[in-house]
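# A closer look at the structure
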Amino acid sequence: MDEALLAQLTSSQRKAVLHKEGPLLVLAGPGSGKTRVITCRIAALIDSGVRPYNICAITFTNKAAEEMRQRAAALGASGGAHISTFHSLCVRILRRYAQAAGMRPNFSIYDAADQSKCVKQAVKDCRLDGTNFPPARMLDAISTLKNKLIDAQSFQERAEDFFSRTLSQVYTRYQQILAEQNGLDFDDLLMKVAFLLESDSTVCGELANRFRFLLIDEYQDTNHAQYRLAKALALSHGNICATGDPDQSIYRWRGADIRNILAFEKDWPQAVTVKLEENFRSTAAILRVADSLIARNKNRKQKTLVAVRTDEGRVSVEICDDEAAEADAVARQVDALLGQNVPAGQIAVFYRVNSMSRALEEAFVRHRVPYQVVRGVEFYNRKEIRDVLAYLKVLANPADEVALLRVINTPARGIGKVTVDRAKAFAVEHGLTLSEALTQADRIGGVSGAAKTKLSAFARLLDKLRQDLVGPVAPLAERVLAESGLEQSFKGTGQEGQDALENIGELINAAAAYDQQTAEPSLLDYLQQIALFSDTDAYEATSERAALMTLHAAKGLEFDHVFVIGLEDGLLPHERGSGDGDELEEERRLFFVGVTRARTNLYLSYARYRTVRGQFLRTVASPFLFELGLDQMVQDDEESEDDFDAFTEYRRTQPSPVRPRPAAAKPAEPLFAPGQLVRHKTFGLGRVQKFADLGANSVVTVQFNTGQTKSLLLQYANLSKV
DNA sequence: TTATAATTACTTTTT
DNA sequence: GTAATTATAA
């Protein structure tokens, strides 16, 4: 370990780096040099004789993993250490120990869309009404169960009330469907591995022996499955280092359990805890508001952010008329910064929901400000991309029926719904997968001769494509494009088809890049990797473009100039995340994460009116704005305000004047817009679906939380808005 | 079977 | 307001 490097660290950082054996908890505030500590720790371990091969570092995203690999390599700790996400690690383990886990290694990973198809099928198979048991709700519940490591069988044993028993049926059937198709969803990856480690001492022993030093970053956002998995891996040697910040836990809705980090010392009694409270990133002005904000959370351990930087930055609040004006103000301010030679890559705009990027993009285009929307998975959600990938998935995993059904008539080759249904029935009857059924199409009953020919032809196409599956992926994708007829079908369809082909070209480029970077490229590995891509993975840090992203995607990043827009009640905090106190605290942490990404200046804004689901509505300023303690700030900043005309200071004592509504405002809004939450004396809470404005005879259709939908006469219903 | 029209559901964050 | 599913006609 480089002495000079060690000398640069603070004493607590050094303590964390040099504590090599046994459990270690690093409670690291934002901007405390946590990443540096982890990479130095890896280097120090290797330096003291630990083989890189025995080190396993777990990060939150693939992007973070890649960065850590590079940083470690820069410290001379190159190669050999396993650095990846929990999910990627699980894929590797499941491929290696497929048999022990009771599966085949060429499994498909099902994303939200695939899951939705399967759960719909499951609901149908259980003969349930899709309206009373919405697939999305079922899927959510199943995911929660899996994150708690409750499998279908043990849930069945404990399901008592009607809803649970129904859910249990769907869960069981859903798992069957996945198993038949050799498919796993995201939660399965974790659950399977956790169970495997806990039940198979041979496998667990082998892996614990391989990964003798475990480092887990962003520990505050691990869920119960990840917690159990990590514990099982580290149990024998106790070399587990967890780093994180309870104040930055923002994935509770996804099963993250903040108690994992809070109880680390109980789980590992010999644990050494190191606190990193100094902040090297942000100016004092930013840390003051961040501190003031997060102090409002009741359920937290007291911690202060200690500023190391001595220069003053600026926090400002702009109040705009509507979202277009807000976007315009942001674009103008960014443009001004670019004029002051600030690199565009040092500017970021954060928002609560993805849909808010649209207004920003329009404004940025208008002002000719270079930008990138950090939304990597969007590309993989395009129809044509999903089509090509579905072909590849069927090739790698013939049992993957979701993928097969997607491509069987894409492009249209005369295989319609009826034919597909018959083929499915035939497969079920003979205990075959759909893929296998196609190879003996001529035996399928009730299908016309012409249809049989088409099915056989399709089966032969797959067979032909499958003949040469080994090796690089890009040539394979090209063959699929040409031989499936996709290319041909896009060629006659004008601009749209042209765009689609270009996108597919991009996909092939990406595959070629994978082929080059990977020692032993294989279709299976490629598919399993891209299934785990995240939005942040698409972020190009070196880019000369301003970054636009959600607050969630902002985790782990930092910029000189940070904009957080839409500081309105119901948006940030989001209305669906302000139910109970815990949810509100998570929204506050989310905003805290956004605020603490800023190095020098922070620009906050909100719009008095915002179009929400097509409705132009008056907004209310976010309560979080009042929690920043800006009173003080306004006084501090007042003298040097001159060059800052675009951003007016927010004053708590002086409520914003109510301006007349802009001309663009729509005529009077209906009393109850669809989507409005309402309360009824007997039916309780519900959401308005339809509102027929007929004066005194207006009819409101409300879906109540009990599941039933009622049409009520407004004058008698006595509904109150919530 | 396929293309178009009509209806209906879904609108938070994501590995 | 949009996307996706479903009904209908060609």
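Residues numbered from 1 in each chain as written. Chains lettered and ligands numbered in written order. Predicted model: local features only at pLDDT ≥ 70, side-chain atom pairs only at ≥ 80, totals over all residues. Heavy atoms only, no water.

## Description of the protein's contact with DNA strand B
- DNA strand B sits among 23 residues. The nearest are Arg 352, Gly 414, Thr 419, Ser 534 and Arg 576.
- For DNA strand B, the backbone portion of the atoms within 4 Å of the protein, that is sugar and phosphate, comes to 55%.
- In this structure, Thr 550 approaches DNA strand B through a side-chain N or O atom, which is 3.2 Å from a phosphate oxygen.
- Broken down by class, the residue content of the surface near DNA strand B amounts to seven nonpolar, 10 polar and six charged. (Near = heavy atom within 4 Å. Polar contact = N/O pair within 3.5 Å; in protein donor to acceptor, adjacent residues only side chain to side chain. Nonpolar A, V, L, I, M, F, W, Y, C, P; charged D, E, K, R; others polar.)

## Things to note about unusual backbone geometry
- In this model, Thr 410 is joined to Pro 411 through a cis peptide bond whose omega is -5 degrees.
- Along the chain, Pro 411 falls in the loop between α20 (401-407) and α21 (417-429).
- A positive phi angle, close to 55 degrees, is found at Asn 182, a residue other than glycine.
- With respect to the element layout, Asn 182 can be found in the loop between α9 (162-180) and β5 (183-185).
- Relative accessible area serves as the criterion here: at 4%, Asn 182 is assigned to the buried category.
- Positive phi outside glycine occurs at Glu 218, with the angle close to 50 degrees.
- Mapping Glu 218 onto the fold places it in the loop between β6 (213-216) and α12 (224-234). (Helix = DSSP H or I, 4+ residues; strand = E, 2+ residues; numbered from the N terminus. Buried < 20%, exposed > 50% of the residue type's maximum accessible area, 1.4 Å probe, protein only.)

## Focus on the sheet that holds strand β13 (residues 371-373)
- The six strands lie next to each other as β11-β16-β15-β12-β14-β13, forming an open sheet whose pairing is parallel. Either end of the sheet is taken by a strand with one partner, and the two such strands are β11 (314-320) and β13. Taken pair by pair, the neighbouring strands of this sheet meet at an average axis angle of 20 degrees, ignoring direction.
- Note that β11 and strand β16 (residues 598-607) share seven bridges and pair parallel. In the strand pairing of β16, Val 315 is matched with Leu 602.
- Relative to β16, helix α16 (residues 323-339) is tilted by about 155 degrees, and along the sheet it contacts β11, β12 (347-351), β15 (559-564) and β16.
- Sheet strands touched by helix α28 (residues 581-595): β12, β15 and β16. Its angle to β16, the strand with the most contacts, is close to 130 degrees. (Pairing = 2+ DSSP bridges. Axes fitted to C-alpha atoms, helices over the stretch in contact; angles between N-to-C directions. Contact = heavy atoms within 4.5 Å.)

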